[in-house]
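So you can see what is in the structure, the chains are spelled out below.
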Amino acid sequence: MPKSHKSPLQQLDAAHHLHPFTDSQALHQKGARVIERGEGVYLWDADGQRILDGMAGLWCVNLGYGREELIRAADQQLRQLPYYNLFFQTTHPRATELASTLATLLPGDMEHVFFTGSGSECNDTVIRMVRHYWAGQGQPGRKTIISRHNAYHGSTLAGASLGGMKPMHAQGGLPLPDIVHIDQPYHFGEGQGQDPHQFGLERARQLEQKILDLGPDKVAAFIGEPIQGAGGVIIPPDSYWPEIQRICNRYNILLVVDEVICGFGRTGHWFASEHYGLEPDLLCMAKGITSGYIPLGAVAVGPRLAQGLISGGEFFHGFTYSGHPVACAVALANIEVMQKERLVERVHDDIGPYLQQAWASLGNHPLVGETRGLGLLAALELVADKSDNRRFPDDAGAGVICREHCFELGLVMRAVGDTMIISPPLVISRDEVDELIGKARQALDLTCQTLNN
Ligand SMILES: *Cc1c(COP(=O)(O)O)cnc(C)c1O
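All figures in this text were calculated on a predicted structure; none of them were measured in a lab. (Residues numbered from 1 in each chain as written. Predicted model: local features only at pLDDT ≥ 70, side-chain atom pairs only at ≥ 80, totals over all residues. Heavy atoms only, no water.)

**A short note on the domain arrangement of the chain**
Here comes step 1: Partitioning the chain into structural domains gives domain 1 (33–66 + 342–452) and domain 2 (69–340).
Here comes step 2: For domain 1 and domain 2, the distance between their C-alpha centres works out to 26 Å.
Here comes step 3: Counting each side, the surface lost to burial between domain 1 and domain 2 is near 2700 Å², with a carbon and sulfur contribution of 63%.
Here comes step 4: At the boundary of domain 1 with domain 2, the tally comes to 0 salt bridges.
Here comes step 5: The tally of links between domain 1 and domain 2 comes to 15 residue pairs in polar contact (both at pLDDT 80 or more).
Here comes step 6: Counting residues per element, the ones that place at least two in the side of domain 1 that touches domain 2 are α3 (56–59), α15 (343–349), β11 (368–374), β12 (377–382), β14 (414–416) and β15 (419–422).
Here comes step 7: In the side of domain 1 that touches domain 2, the residues fall into 21 nonpolar, 10 polar and 6 charged. (Domains from an automatic or database assignment. Buried area = accessible area lost by both parts, 1.4 Å probe. Salt bridge = Lys/Arg side-chain N within 4 Å of Asp/Glu carboxyl O. Polar contact = N/O pair within 3.5 Å; in protein donor to acceptor, adjacent residues only side chain to side chain. Helix = DSSP H or I, 4+ residues; strand = E, 2+ residues; numbered from the N terminus. Nonpolar A, V, L, I, M, F, W, Y, C, P; charged D, E, K, R; others polar.)

Shown next, in the form of structure tokens:
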């Protein structure tokens, strides 16, 4: 679109606003998409178009937009105590209440949480905690953290280093020292033709090999998302996580699960660790903890970490806004609504299976090589040839074309390369699921047409 067609707001935006994860020059040519309002699972843009938000914002608006309960909780807390910190032996009621409420929801015997302001800050905290812990155990040599290629753990220096996104590493010389990566359990992308069970075991056993290569007394922890989100909703074969757990136990390596997306009902459990039978030592939460209304993160720790941290002297770590009272109040209200409306059970027993069945029906489309999903997470793979799952060349831009058609039709669906992904609000109705699937199919048809022209 020529420059003159940009609205005054878009012109101001181009003049002053640097966007995250955006090619600014490309953006400036067309002007930013302006989202003005939200209600339920819908957004409205500045042109008045209604858009079904198939991504719940960035995987976070689990209760949908406009929830009075969350708004009231924030309003009340702002009036009572808009800010206080948790440093130097102080607390406020909402932080303590939230910590104790989370302890009732967390998997296994996790009883303690450390608050942060975001998922990235959780992962920075993880690195500091596990190294501090091992030093306290008389094993300061245990520093290395093992992660996976194509993992996403945030965008701070530590988060981006733990993550395995090559373009992020390339900007600024990451990863930081003592962070290494093994291959991901992405069967469609990297295991075609292999038995999924065997592939899952092989990918998990790369962890064992890496531990042996480095020396077990050098390894502090393994970190992974139960299901990789930003990497493309990658659901590991069922053989993968039990084998990872076995290896962590065998070499006494701390297991860190990053549940920033998977937590808070997304997979039909409070935490995906339950689905996979995991017993993590550390667990990261953010996003759905407040349905994204206010930033908040938390790192939960199991007994051995808690013991180490409690007896380890002062932990020189914390953020000004860690456990912000307004964020904690909103998180408490968010959990209360989830319990009252039985949303976790709803995702597990009702709307999750309903969405998955409808999503799987897209698998018969000529452009679709695979569909997969769990709870309210789902992905499909665009392919050039269904008979052998051959992919499009990178420069065809099939995923981006499909995403743009979705937008035109009034649906937010995200593209990770040629993988289309959704993560809708947990409150989505059956009718809204039907609308989502109908628009996705239409977008696939239009993508075919565009690619053939
Ligand atoms: C989004 C995300 C993060 C980073 O969270 P921020 O709040 O953006 O810092 C970390 N881990 C996972 C798995 C995420 O999806």
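The rest of the description comes next.
**Comments concerning the pairing of strand β5 (residues 144–148)**
Here comes step 1: Burial within β5 is extensive, with 5 of its 5 residues counted as buried.
Here comes step 2: Side chains of β5 alternate between two faces, with Thr144, Ile146 and Arg148 and Ile145 and Ser147 buried alike. (Buried < 20%, exposed > 50% of the residue type's maximum accessible area, 1.4 Å probe, protein only.)

**A short note on the pairing of strand β2 (residues 42–45)**
Look at any regular strand and the pattern is simple: side chains alternate between the two faces of the sheet.
Here comes step 1: Judged by which residues are buried, β2 turns out to be covered on both faces: Tyr42 and Trp44 on one side and Leu43 and Asp45 on the other are all buried.
Here comes step 2: Note that strand β1 (residues 35–39) and β2 share 4 bridges and pair antiparallel. Pairing of Glu39 across the sheet is with Tyr42, part of β2.
Here comes step 3: The turn linking β1 back onto β2 is made up of 2 residues, and Gly40 within it adopts a positive phi angle of 60°.
Here comes step 4: One ladder, built from 3 bridges, connects β2 with strand β3 (residues 50–53); its direction is antiparallel. The residue of β3 that forms the bridge with Tyr42 is Leu52. (Pairing = 2+ DSSP bridges.)

**Regarding the environment of Phe188**
Here comes step 1: Among the structural elements, Phe188 can be located in helix α9 (residues 187–190).
Here comes step 2: C-alpha of Phe188 to C-alpha of Thr371: the two residues are 183 residues apart in sequence and 9.9 Å apart in space.
Here comes step 3: Residues in contact with Phe188, not counting those within four places in the same chain, are Gly369, Glu370, Arg372, Glu381, Val383, Asn389 and Arg391. (Contact = heavy atoms within 4.5 Å.)

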